[in-house]
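Close look at the chain arrangement
Single-letter residue listing:
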Amino acid sequence: MYRVWNFVSTYSILLISGAVVALVWANIDPHSYHHVVEYPLWFNGWIGVDIHHWEHAYGNAAHHFEYGDVEKVVTFHYLINDMLMALFFAIAGKEVWEAVILKNGSLRGKKAATPLVATAGGMLGPIAVYLGIAYFLGSSTFDAVARGWAVPTATDIAFSYLVGRIVFGAGHPAVRFLLLLAIADDAAGLIILAIFYPTGELAPIWLLLSVTASASVYLLFNYLPRYLDRGNQLRPRSTWIRKNFGWHPYAIAGCLSWYGFAQAGIHPALGLLPVIPAIPHADRAFGLFAEVEKYLTDTLNQMEHALAIPVDIVLFFFGLLNAGVEFNAISEATWLVLAGLIIGKPVGIFLMGWLAAYPMRLGLPAGMRSIDLIVIGFVAAIGFTVSLFIASVAFPAGPVQDGAKMGALFSFGAVFLSIAAGKVFRVQKQNN
């Protein structure tokens, strides 16, 4: 794909722009903002939010639409969060999959062991802080917010990398450690979303559609041509398939897989993940978001390259439709999410990272100090994108969800804490 810096710069600007517009809009005219968020695009009987849920959310204005006897409606919010955000998670999933499976993958072997253990601390720490404080606030608060335990576990890859470079410098080994931790955190977040936050009644039989679509496209358009071309360096059948079909079979399989996830009750934004291993890819990993990937001719990297700009636009609308929280929504949920991120992350990452490096004898990268783990923890406390996403599925629309989203937005304060921690612990920036 693009260099991380270029990717992060574009991604950050558009996502932040959408979030800022949403905050201003929601606090000036919340009524019009929420009507745009829930605006109906398609009434149907297959996909979307339940029609009765939408009628309640949209209020009296729902009667202005003629939609007859239908069960579902695709709203603007559903289009972005449940359908188009699947492209964002597909890109993140592709990087995770390459890092774990391919030769020289960043998350393979001993070199990834300490970041992976630290990742566990960066998730368990926030959960313990979030639920622990909620418990001491009383049973009514605990019962109201307990379902959001996963909100403070997220680490925003792009923003964390951006801040990591500012604090440590581009050449510091802690930046690579942070990137490995963030991508592993995202992988764990995808698993949490799939297991703990179903979108409806589970119907796992529908996952057969996803599995069948992925397996079929792999066998017919990937494995079989390569098998028939074995021993022939010109690879005529594989070349013919690539030139005449391109990415289209995988897009169709992706749509079928997405629908299977939606009907199975698993969040459909994860629906493209099963198709990623089916797409022809490079034989080895070149590093997370490596610059060289934009020159590769395999279908997977070409698709990722083509999706970069569309995903940037989707992220603008994601910020616009999810960050519109009124400031009077600040509540216990806000401070619980924020405490989980800015207390739980640094403590959890430091403790588990130190445990991995010394008692477990897995070590730290050359040039990195134990104290740098605390600074990394503050940088990783920027939850934003995925925290917003989890908050939107963990809670029903209302004050608790809005409070949790505000906590995710306030996690931007970790930028200043990270810079301050870098000064306090005397981080020596390495720019080369």
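Residues numbered from 1 in each chain as written. Predicted model: local features only at pLDDT ≥ 70, side-chain atom pairs only at ≥ 80, totals over all residues. Heavy atoms only, no water.

1. Considerations on the packing of helix H12 (residues 299-322) against helix H15 (residues 384-394)
Where H12 meets H15, the closest approach of the two axes is 11 Å, and the angle between their N-to-C directions is 50°. By the angle between their directions, the pair H12 and H15 is classed as oblique. Crossing of H12 over H15 shows left-handed handedness. Here Leu 315, Phe 318 and Asn 322 of H12 lie close against H15, whose contacting residues are Thr 385, Leu 388, Phe 389 and Ser 392. Considering only residue class, the contact of H12 with H15 consists of four nonpolar, three polar and no charged. (Axes fitted to C-alpha atoms, helices over the stretch in contact; angles between N-to-C directions. Helix = DSSP H or I, 4+ residues; strand = E, 2+ residues; numbered from the N terminus. Parallel < 35°, antiparallel > 145°, perpendicular 65-115°, else oblique. Left-handed = near helix turned anticlockwise from the far one by under 90°. Contact = heavy atoms within 4.5 Å. Nonpolar A, V, L, I, M, F, W, Y, C, P; charged D, E, K, R; others polar.)

2. Let's talk about the side chain of Ser 238
Looking at where Ser 238 falls in the secondary structure, it is placed in helix H10 (residues 236-245). A relative accessible area of 10% places Ser 238 in the buried class. Residues within four places of Ser 238 in sequence aside, it is in contact with Pro 225, Arg 226 and Asp 229. (Buried < 20%, exposed > 50% of the residue type's maximum accessible area, 1.4 Å probe, protein only.)

3. Some thoughts on the packing of aromatic side chains
Counting across every chain of the model gives 29 aromatic pairs. Between Phe 43 and Phe 65 the ring centres are 6.3 Å apart and the planes differ by 55°, which places this aromatic pair in the tilted class. Residue Phe 43 is found in strand S1 (residues 40-44), and its partner Phe 65 is found in the loop between helix H3 (51-58) and strand S3 (72-75); the two are separated by 22 residues along the sequence. Cluster of aromatic residues (ring-pair linked, three or more members): Tyr 39, Phe 43, Trp 54, Tyr 58, Phe 65 and Tyr 67. (Phe/Tyr/Trp six-rings, centres within 6.5 Å; stacked < 30°, edge-to-face > 60°.)

4. Let's talk about a nonpolar patch on the surface
A contiguous nonpolar patch, built from Leu 219, Leu 220, Tyr 223, Leu 224, Tyr 227 and Leu 228 and spanning about 550 Å² of accessible area, is present on the exposed surface. Mapped onto the fold, Leu 219 is located in helix H9 (residues 207-228). Residue classification places Leu 219 among the partly exposed residues on the basis of a relative accessible area of 46%. (Patch = residues over 30% accessible without salt bridge, like charges linked within 9 Å, V, L, I, M, F, W, Y side chains within 5 Å. Areas by Shrake-Rupley, 256 points an atom, 1.4 Å probe, with all protein chains shown as cover. Salt bridge = Lys/Arg side-chain N within 4 Å of Asp/Glu carboxyl O.)

5. Here we look at the confidence of the model for the protein chain
Residues shown with low pLDDT carry predicted positions that ought not to be read at fine detail. Considering every residue of the protein chain, the mean pLDDT works out to 88; 94% of them sit at 70 or more. Mean pLDDT per element in the protein chain: helix H1 (residues 4-28) is the minimum at 78, and helix H13 (residues 332-357) is the maximum at 96. With pLDDT under 50 throughout, residues 1-5 is counted as low confidence; its partners more than four residues away or in other chains account for 22 contacts. (pLDDT = per-residue confidence, 0-100.)

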